Every structure is written in C-alpha cells, then in structure tokens.
Amino acid sequence: MNAPYPARTERERLAALDAYGILDTPTERAFDDIVALVGQLLDAPIVAVNLLAEERQWFKSEIGLGTREMPLDDSICKFALLQQGRMIVPDTRLDARFAANPLVTGGPGLRFYAGELLTTPEGLVLGTLCVLDTAPRPAGLTALQETVLATMAQQVMSLIELHKALRDQQTLVAQQHMIQDELRRERDHCKRLFEGMDEGFVLLDQDFRLLQINTEALRHERRSAEELLGLTHWEAWPGSENLFSAQQYRHAMAQGVPVNFEQEYILADGRSYWLDIRAMPAEGGLAVFYRDITERKETEAALLASQRHALETAGQAERERQRLDALLQAAPVGITVADAGGALVQVNAENRKIWGEHPMSTGVAGYAEWKGWWADGSERNGQPLGEQDWAMAQALAGAPSPRQVVEIEPFGQPGVRRIMLNSGATIRNDAGEITGAVVAQMDITDRVKAEEALRQADQKKDEFLAMLAHELRNPLAPITSAAAILSGHAVDANMVRRTSAIIARQARHMTGLIDDLLDVSRVTRGRVDLS
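Residues numbered from 1 in each chain as written. Predicted model: local features only at pLDDT ≥ 70, side-chain atom pairs only at ≥ 80, totals over all residues. Heavy atoms only, no water.

Quick look at the sheet that holds strand S10 (residues 272-282) now. Reading across from one edge, S8-S7-S11-S10-S9 is the order of the five strands in this open sheet, with antiparallel pairing throughout. Of all the strands in the sheet, just strand S8 (210-213) and strand S9 (259-266) have a single pairing partner and so form its edges. When the angles between neighbouring strand axes are averaged without regard to direction, this sheet yields 25 degrees. Relative to strand S11 (residues 285-292), strand S7 (residues 200-204) runs antiparallel, the two being bridged by five bridges. Each residue of the ladder has a partner; that of phenylalanine 201, found in S11, is phenylalanine 289. The sheet contacts of helix H7 (residues 244-255) involve S9, S10 and S11, and relative to S9 the element is tilted by about 150 degrees. Set on the sheet, helix H8 (residues 294-330) makes contact with S9, S10 and S11; between it and S10 the angle comes to about 125 degrees. (Pairing = 2+ DSSP bridges. Helix = DSSP H or I, 4+ residues; strand = E, 2+ residues; numbered from the N terminus. Axes fitted to C-alpha atoms, helices over the stretch in contact; angles between N-to-C directions. Contact = heavy atoms within 4.5 Å.)

Here we take up the pattern of salt bridges. Oppositely charged side chains may form a pair once their charged atoms are brought near each other. For the structure on display, the rule yields 29 salt bridges. Salt-bridge contacts for aspartate 24 lead to arginine 56; the nearest nitrogen and oxygen are separated by 2.8 Å. With a gap of 32 residues between them, aspartate 24 in the loop between helix H1 (7-20) and helix H2 (29-41) and arginine 56 in strand S2 (residues 56-63) connect regions that are remote in the sequence. Under the relative-accessibility criterion, aspartate 24 is labelled exposed at 51%. (Salt bridge = Lys/Arg side-chain N within 4 Å of Asp/Glu carboxyl O. Buried < 20%, exposed > 50% of the residue type's maximum accessible area, 1.4 Å probe, protein only.)

The subject of this paragraph is unusual backbone geometry. Residue proline 108 follows glycine 107 across a cis peptide bond; omega there is 0 degrees. The residue proline 108 is located in the loop between helix H3 (102-105) and strand S5 (112-119) in this model. Positioned with a positive phi, phenylalanine 208 is a non-glycine residue whose angle comes to about 65 degrees. By secondary structure assignment, the location of phenylalanine 208 is in the loop between S7 and S8.

A few words on the environment of threonine 119. Inspection of the secondary structure assignment puts threonine 119 in strand S5. On the basis of relative accessible area, threonine 119 is assigned to the partly exposed category, the value being 32%. Measuring from C-alpha to C-alpha, the distance between threonine 119 and alanine 153 comes to 9.1 Å, with 34 residues separating the pair along the chain. Among residues more than four places away in sequence, those in contact with threonine 119 are Leu124, Val125 and Met157.

Note that all results are geometric; they support no functional claim without further evidence.
Here is the structure:
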C-alpha cells in the first residue's frame, strides 16, 4: 500500500483477508441488497463493499462503478485504514490527500466519500463499506445516515463471517468426507489384509468366546465362520481345554501377558497339523495369531533324520578311514598319497622306514629334494631322476599306472642306497578330474642282491661243469686205451696187472669227480650250506 501502515500489521491483515476466502468470489444477493439499500438510504449514486488486497481493491458488491476491482494506488478507501472509525471526506478537491487523485480529477469525478471499516473480531481491517458522490456534501452525513452506514457495515461483516463459517464448514465437511473415505479405505484395506493374511486370527472375549475369525484360521476347518462365531473355544474344538494351548491361553488372559508356543493338533479323522501360536491380551479378551508350521516341522524332522544319517555315515566313514589308515600303516610296502598339486598328504610307516624323515614336499617342484637314479638296466640306468620323472609326478600328469625301478638315497642317510620298485596310480573324482595320486614303493634291494648272487652262482656252476666235463674226459682216455690193450693183444699177467691198475686209478678219479658233482647238486637244492 502507498500509505503509512505497519508492515507486520499489514501482513497479518492480508493473511486474515486470504483466510476469509472471499476474494474473487461471485456476486451474492445478500451483499447486493445491502449495497442497494445503503444507496437508497444515503441517496448515494456509488456504493461498494470494498476489500483491500495487496495490489488492488476488489469489490464484493458495487453500484455506480461498473467494475469489480481497481488498482490500489488510486484507492481512497486505503486511507480509511489509518483511522479508528469511519472516514468522511465532504469535498475531495479540498483535501490534499485526494485533490490530485485520478478518480477525482477525471472520471467518474468523485467529490464526496464516506467509508465504514469492515473489521474482524481480532481488530484487523479487511476493507470498507463506502458511499461516494460526484457532488460534494459540505455537511457530510446526518446522524441517521451515519447510523445506517455503521449498521450496514456490521451486516456486511456478519455476511463475511457467515461466508467464512460456511466455507469453513464446507471445508470441514469435505475433510470429514475425506476422513470417512480414508477410514473406509483403511477399513476395506484392513479387511482385505485380515482375510488375506497368511496367519490365522481368532479374537476371543473374556469367556474365550469367538468374536472374530479370518479365512486362514479356517484352513483346517470344514465349518464356516458363521458356525463357529459365538461358540467358546472349548465348544468349537472339544477337547482343546485339556491341551497345553489352553493353559497358555488362560495364563495370557489372567496375567495380561503375551505368550508364544507351538502346538500339534490331531483331528478326529486322523489328520494332524502343527501351529505356531501367539496370543496377546486385546480389548478385554485375547487376540490369537497362529501360523501353520506343519511343513516346517516335517522339514525339521527330515533334517534331524538326515543329520542322524549323516552322523552315522560320517562315523562309518571315520571308522573306514581308521581301518584304511591302519591298513596303510601295516602295509609291508611304502605308501605315499598326494593331492592334485603334488603336495604329500600322507605317508605310512613303511615309507618312513624306507626314506627316513620325509620332508613332506608341498608340490611337484619339491620332488627335486628326492635323490634317485634309474636302476632298470636300460640306457638311462644310473642317471638321476628329475622331479617330473618320479612315479608320483607321472601319475598326477595322468600317466596310466606308471612303474619304475630306481635306486634311492634315504633322507639323512648319505651313502646308503636302496633299490625300489615304484608303482603309481591316479585318483579321480566322479567327473574324471584328477584329484591326487598314490604310489606304492617296494624295497627290492635284498631281492636284487639275491638275484645277483644267484646269477654269480649259476656262472660258477657253469664254469665248474665245464671243468668237470674236461676232467671226466681225461680219465676216460687211459681207460679206453687200457681196454683196447686188453682186447686187442695177447696179454700176460703182468700186463693185466698194470692195465687193471690204470683202470682202477682212473675209475677212482672219476668216482671223486662224480661225488663232487653230487655235492654241487646238493648245494643248488639248498641241502648243503657252503658257508
């Protein structure tokens, strides 16, 4: 406004005007009747119910102006806000505030103004009920006219208050309708939730009588809700008063505390089911929620049986493992087991006896620590084994049943040599993937030495037999000659004696050779210890 009016009060005044909600509303007959009556009683050509907004003055009703609003800058009424009561201007041209006003100097040429404030119960001015004339009135208004103006202004304010009350009432009614609609939607939603919830619900009164039951609660029932409502819990389900659930319900009701428990129900037709039940005090009775946990119970039972079976299987597997371990430890050959990466995971007692303190290599690369030389009599005989040459590495690489004869030097025993027969096998899972390998090692050192001794014995026997054949041929020549002498010439007694002596001597020699041959036979059959 272009008038000295406190800013805070002006903000409050404009807020109050907005709160009445009357600006820019259609014309109303009650206001028009007051304006027409004032015009007649005060003999005024121009009358208006004028409300002063932020940038304009707006007329709820008017005669003589022909418009519903004007700019606030040209307003005469705005000056009425600065006065405690009505404002009367007998001649606008003689008043410095209005002498230059376009409404005075131009059309409609206003010369007289009288305005009564429209004031709220809080004392805030919304506007005026004003009368104007194009002719000055030096005497102003008569006392009767002032009374009429004041009374009509009160009537206008009453209409504005009534308008606000009606508007507030309509707003309140609309809000009530909205609240009712919201409550109805909430009720419908709750009903849908109540009927659609996956938990059974029963509401019992203080006598354990069924007041409410939802669809889920009827899952195991062959009766309708109407048949159950009004019955006590014990009447609806005879025998339930003796169950653990009855004790819990009575405890919850008597102590006013919630309870939670599980209960199995067995029906007369042999069917049974488990419920997880939560009961809590509600509205002087008991609200009971329950969920069917039959499937969970069956799953738990199956899981428990599975766990028992798993424990039994694990125990059996452990016993089998222990037996296998005992077998491995008792085996007369060295056993080595490795995982897929070549790390040794198990060696038995015989293996430790063969190798000494085994370093338990963590991979194939660690096999370089093992000292070994080929001893298979091939071209590579005597050459050292690389880490990839060992039977374990070959089995891990997928070689089928690798076998090898090697000479090794045990750990911590320099200079000691053993000849080993190594046999490997690949370990695979159901998918055929290599998961490890096992190698059996047999110490054949003594057998190789025995075979070498036997070979040497055979060689000596062959040499002996060759020598014996030679020696046997030597006495046969004299015997043959003596026999020829005896058969081919005349012999005398002396000749016979000499010839007989030769034969006898050579025969004794041959008998000795035959005895030696028998001794060799006994040796080869193990009947004589040459040591």
